[in-house]
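Spelled out, the chains give:
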Amino acid sequence: MSGVPARGAVVGLLCVTANRVRCGDLISIGGTTRRVESLRHVPPGKKKLMLDTGESVVLHSGTAIDVTRYLTPDVSGREARGRGAGPG
């Protein structure tokens, strides 16, 4: 995902579990915003987030975190869809 949202996209603040984090999500660590560049499942039941700074963070799958995500409105009137690379 590029750093520029698609036309008509809105920014949403969501509380998600580690299983629902997506590439492109913005997370705050120690008061500093970081972009999730890639994700990897790490046994048993954890997820490794690779950040735009080269750092990595490992979260238990049930850990709830706040993410900022660009949401693209669905013109059919259904829920907004998150922009990112596949399911979390």
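Structure shown above.
Caption draft 1: Region of the structure containing the side chain of lysine 47. One can find lysine 47 in strand 4 (residues 46–51). For the buried lysine 47, no salt bridge is present, and the opposite-charge side chain at shortest range is aspartate 25, 8.8 Å distant. Side-chain polar atoms of lysine 47 contact the backbone oxygen of asparagine 19, separated by 3.4 Å.

Caption draft 2: Examining the nonpolar core more closely. Val16, Ala18, Val21, Ile27, Val36, Leu49, Leu51, Leu59, Ile65 and Val67 together form the largest nonpolar core, which totals 10 residues. Secondary structure elements with two or more residues in this core: strand 4 and strand 6 (64–72).

Caption draft 3: The environment of glycine 12, seen in detail. By secondary structure assignment, the location of glycine 12 is in strand 1 (residues 10–17). Owing to a relative accessible area of 9%, glycine 12 belongs among the buried residues under this scheme. Spatially, the C-alpha atoms of glycine 12 and threonine 68 are 5.6 Å apart, while their sequence positions differ by 56 residues. In this structure, glycine 12 is in contact with Val67, Thr68, Arg69 and Leu71, ignoring residues within four places of it in sequence.

Caption draft 4: Fine view of the side chain of aspartate 25. Mapped onto the elements, aspartate 25 comes out in the loop between strand 1 and strand 2 (26–29). Beyond its immediate sequence surroundings of up to four residues, aspartate 25 is in contact with Arg20, Arg34, Arg35, Val36, Val67, Thr68 and Arg69.

Caption draft 5: Spatial organisation of the pattern of salt bridges. In this structure the tally under the stated criterion is two salt bridges. We note a salt bridge from arginine 34 to glutamate 55, for which the minimum N-O separation is 3.5 Å. Highlighted residues: arginine 34 in strand 3 (residues 32–42) and glutamate 55 in the loop between strand 4 and strand 5 (56–60), separated in sequence by 21 residues. Given a relative accessible area of 41%, glutamate 55 falls into the partly exposed group.

Caption draft 6: Seen up close, the pairing of strand 4. Side chains Lys47, Leu49 and Leu51 project from strand 4 onto a buried face, and the interleaved Lys46, Lys48 and Met50 project onto a face without burial. Of the pairings in the sheet, the one linking strand 3 to strand 4 comprises six bridges and is antiparallel in character. The residue bridging histidine 41 from the neighbouring strand is lysine 47, located in strand 4. Where strand 3 folds back on strand 4, the antiparallel hairpin that results is connected by three residues, among which glycine 45 adopts a positive phi of roughly 70 degrees. Of the pairings in the sheet, the one linking strand 4 to strand 5 comprises five bridges and is antiparallel in character. Paired with lysine 47 across the strands is leucine 59, a residue of strand 5.

Rules behind the numbers
- Residues numbered from 1 in each chain as written.
- Predicted model: local features only at pLDDT ≥ 70, side-chain atom pairs only at ≥ 80, totals over all residues.
- Heavy atoms only, no water.
- Helix = DSSP H or I, 4+ residues; strand = E, 2+ residues; numbered from the N terminus.
- Buried < 20%, exposed > 50% of the residue type's maximum accessible area, 1.4 Å probe, protein only.
- Lys, Arg positive; Asp, Glu negative; His and termini not counted.
- Salt bridge = Lys/Arg side-chain N within 4 Å of Asp/Glu carboxyl O.
- Polar contact = N/O pair within 3.5 Å; in protein donor to acceptor, adjacent residues only side chain to side chain.
- Core = buried A, V, L, I, M, F, W, Y, C linked by side-chain atoms within 4.5 Å.
- Contact = heavy atoms within 4.5 Å.
- Pairing = 2+ DSSP bridges.

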